[in-house]
Structure formats: C-alpha cells, structure tokens
Amino acid sequence: MLQFKLVLLGDSSVGKSSIVHRFVKDTFDELRESTIGAAFLSQTIKVESEDQQEVVIKFEIWDTAGQERYKSLAPMYYRNANAALVVYDVTQEDSLNKAKAWVEELKNKVGDEDLVIFLVGNKVDLCEGSDNEDKRAVAATLAKQYAEDQGLMFDEVSAKTGHGVKEVFQAIGQRLYDT
Ligand code: GTP
Ligand code: MG
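Residues numbered from 1 in each chain as written. Chains lettered and ligands numbered in written order. Predicted model: local features only at pLDDT ≥ 70, side-chain atom pairs only at ≥ 80, totals over all residues. Heavy atoms only, no water.

With respect to the pattern of salt bridges
- Under the defined criterion, the tally for this structure stands at 7 salt bridges.
- Between R22 and D26 there is a salt bridge, and its shortest N-O distance comes to 2.8 Å.
- A salt bridge links E30 to K160, with the shortest nitrogen-to-oxygen separation between them at 2.9 Å. Highlighted residues: E30 in the loop between α1 (16-25) and β2 (38-48) and K160 in the loop between β6 (153-156) and α5 (165-178), separated in sequence by 130 residues.
- Assessed through its relative accessible area of 55%, E30 is described here as exposed.
- Among the charged side chains, a salt-bridge network with shared partners connects D11, D94 and K98. (Salt bridge = Lys/Arg side-chain N within 4 Å of Asp/Glu carboxyl O. Helix = DSSP H or I, 4+ residues; strand = E, 2+ residues; numbered from the N terminus. Buried < 20%, exposed > 50% of the residue type's maximum accessible area, 1.4 Å probe, protein only.)

Some words on the coordination of the magnesium ion (ligand 2)
- For the magnesium ion (ligand 2), the protein coordination sphere consists of S17 (OG) and T35 (OG1), at 2.0 to 2.1 Å. Of this pair, S17 sits in helix α1 while T35 sits in the loop between α1 and β2, and the two are 18 residues apart along the sequence. Both residues of the pair, S17 and T35, belong to the buried class. (Donors = N, O, S within 2.8 Å, 3.2 Å for Na, K, Ca; no water.)

Here's the deal with the pairing of strand β3 (residues 54-64)
- The pairing of strand β1 (residues 2-10) with β3 spans 7 bridges and is classified as parallel. Bridging across to β3, L2 finds its partner in I57.
- Looking at chain direction, β2 and β3 are connected through 11 bridges and run antiparallel. Within β3, the position partnered with E48 by the bridge is E54.
- Linking β2 back to β3 in an antiparallel pair, the connection comprises 5 residues, with Q52 at a positive phi of about 60°. (Pairing = 2+ DSSP bridges.)

Observations regarding the packing of helix α3 (residues 93-109) against helix α4 (residues 140-150)
- Between α3 and α4, the least distance of the axes is 13 Å, while the angle of their chain directions is 5°. On the basis of their axis angle, the class for α3 and α4 is roughly parallel. Across the interface between the two elements, L96, K100, V103, E104 and K107 of α3 pack against L142, Y146 and Q150 of α4.
- Classifying every residue of the contact of α3 with α4 by side-chain character gives 4 nonpolar, 1 polar and 3 charged. (Axes fitted to C-alpha atoms, helices over the stretch in contact; angles between N-to-C directions. Parallel < 35°, antiparallel > 145°, perpendicular 65-115°, else oblique. Contact = heavy atoms within 4.5 Å. Nonpolar A, V, L, I, M, F, W, Y, C, P; charged D, E, K, R; others polar.)

Considering the side chain of K16
- With respect to the helices, strands and loops of the structure, K16 is situated in helix α1.
- Here K16 is buried and forms no salt bridge, its nearest opposite-charge partner D63 lying at an N-O distance of 5.7 Å.
- For K16, the residues in contact, after removing those within four places along its chain, are L8, L9, G10, D11, D63, T64, G66 and V87. (Lys, Arg positive; Asp, Glu negative; His and termini not counted.)

Points about empty space enclosed by the protein
- For the structure shown, the criterion picks out 1 cavity of 30 Å³ or more.
- Roughly 50 Å³ of internal volume is contained in the largest cavity.
- Forming the boundary of the largest cavity are L9, G37, T64, A65, Y70, K71, L73, A74, Y77 and W102. (1 Å grid on protein atoms, 1.4 Å probe; cavity = no way out; pocket = protein on both sides within 12 Å on 5 of 7 lines; lining within 4 Å. Points joined across faces, edges and corners; volume = space filled by probe spheres on them.)

Considerations on the packing of aromatic side chains
- Applying the stated rule across the entire model yields 5 aromatic pairs.
- Ring geometry for F40 and W62: centres 4.9 Å apart, planes at 55°, overall tilted. Linking F40 in strand β2 with W62 in strand β3, this pair joins segments that are 22 residues apart in sequence.
- According to the relative accessible area criterion, F40 is partly exposed, its value standing at 41%. (Phe/Tyr/Trp six-rings, centres within 6.5 Å; stacked < 30°, edge-to-face > 60°.)

Some points on the site of ligand 1
- Taken together, 23 residues surround ligand 1, and among them S12, S18, S34, G66 and D125 come closest.
- K16 has a polar side-chain atom sitting 2.7 Å from an oxygen atom of ligand 1.
- Against a free-state accessible area of 650 Å², the protein chains account for coverage of 91% of ligand 1.
- Put simply, ligand 1 lies in the largest pocket.
- Residue contributions to the shell around ligand 1 peak at 3 residues, all from α1.
- Here the shell around ligand 1 is built from residues that sort into 5 nonpolar, 10 polar and 8 charged. (Near = heavy atom within 4 Å. Polar contact = N/O pair within 3.5 Å; in protein donor to acceptor, adjacent residues only side chain to side chain. Areas by Shrake-Rupley, 256 points an atom, 1.4 Å probe, with all protein chains shown as cover. Sits in = over half its atoms within 2 Å of the grid points.)

This is the structure in structure tokens:
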C-alpha cells in the first residue's frame with residue numbers, strides 16, 4: 001500500500017484537530033482541547049489510477065499544536081512530509097497571516113517541488129446565511145488569489161458540518177498519486 005505523510009499547520013484554534021477528526025472519525029467536538037505537542041492519526045482513501053482502477057493509499061497524519069510555545073517542534077513534523085494542510089479560520093483575519101508565514105517557512109525549508117501545499121479556510125459554517133455574512137473576515141476570492149499566486153491548492157471547509165473536508169484529502173491523495 002502506498003503511504004503518504006501529511007502535516008497540518010496553522011494558528012491555534014483555527015480547527016486543525018477538528019478537520020482531522022472529521023476526516024478520520026467523522027465526528028465534531030464543540031469543546032475540543034488545544035493540542036499539546038502533536039497528535040498522530042491515520043486514514044486510508046481510494047484514488048483512481050490511470051486505467052481507472054481503485055488504489056488504496058494511506059495517510060499518516062501529524063496534527064501539530066498551533067500555540068506559539070510549540071512552534072519550534074513543527075520542523076520535526078513537516079520534514080519528509082509529502083503534503084501540508086495550512087489552515088486558517090475564515091472569521092479571523094490574522095489567522096491568514098499566520099498561514100502565509102507557514103507557507104513561507106515550508107517553501108524555504110522544504111521546497112515546494114517536494115511538497116503539496118493545500119491552503120484551507122475553515123469554519124465557513126459561521127458565515128453562512130444572510131444574518132452571518134458580516135462574520136467573514138477573509139474573502140474567499142482574496143485567499144484564492146493568494147493561493148494561485150503561490151501555486152497552492154485551495155478550498156474552504158467546515159469541520160463542524162463536514163462541508164468540503166473529505167474533498168480536500170481526496171484531492172491531495174489524487175495529486176500525490178498522480179505525481
Ligand atoms: P490547536 O490544537 O490549539 O492548534 O487548535 P486547532 O487548530 O487544533 O483547533 P481545534 O480543532 O481544537 O478547534 C478550536 C475550536 O474551534 C474548537 O472549539 C472547535 O470546536 C471549533 N471549531 C473547529 N472547526 C470548526 C468549524 O468548522 N466550525 C465551527 N463553528 N467551529 C469549529
Ligand atoms: Mg489541535
């Protein structure tokens with residue numbers, strides 16, 4: 001079985017652990033505790049080969065801690081990674097700046113030829129519906145343009161509702177398998 005190492009990076013409380021739990025266990029916890037150090041989880045998915053055969057691939061997922069005091073541990077987890085999910089919260093403008101800083105660090109330390117980087121805007125459920133439009137702090141078009149300029153994959157998701165989460169991992173798996 002093909003295995004790929006995947007790392008999640010981003011500011012504390014943007015929802016990295018929640019995205020991983022939605023993907024691996026299909027659950028959501030309103031009161032998830034902040035990650036200490038890092039957590040390891042794994043999950044398999046099926047991708048399609050050139051001749052339309054199903055191929056099982058396994059993700060080994062390192063969910064890092066976003067709190068500042070754990071920042072120095074991150075290189076241990078992104079080193080040798082095949083893909084990085086860099087997560088921000090669409091309701092927190094500064095979390096996109098933190099995400100951009102991670103993208104810079106990855107490009108400097110790992111090099112983007114070797115690494116698939118997926119920029120993920122989480123918590124879109126908080127700004128759905130006309131009553132909640134003002135909760136959005138990062139326009140999707142702005143983040144999308146940044147991702148395009150930087151050559152990153154991009155999407156918005158909700159770990160709470162599950163919207164878009166599977167698709168992110170599926171797209172990464174297919175990209176890694178194809179290249
Ligand atoms: P650290 O481990 O400190 O780096 O944080 P994290 O990025 O892992 O965030 P975590 O998954 O712990 O989520 C932080 C808080 O945001 C929790 O209370 C979650 O319930 C909440 N949360 C996560 N994802 C979503 C989402 O998609 N929508 C909403 N409404 N809340 C979310
Ligand atoms: Mg966490």
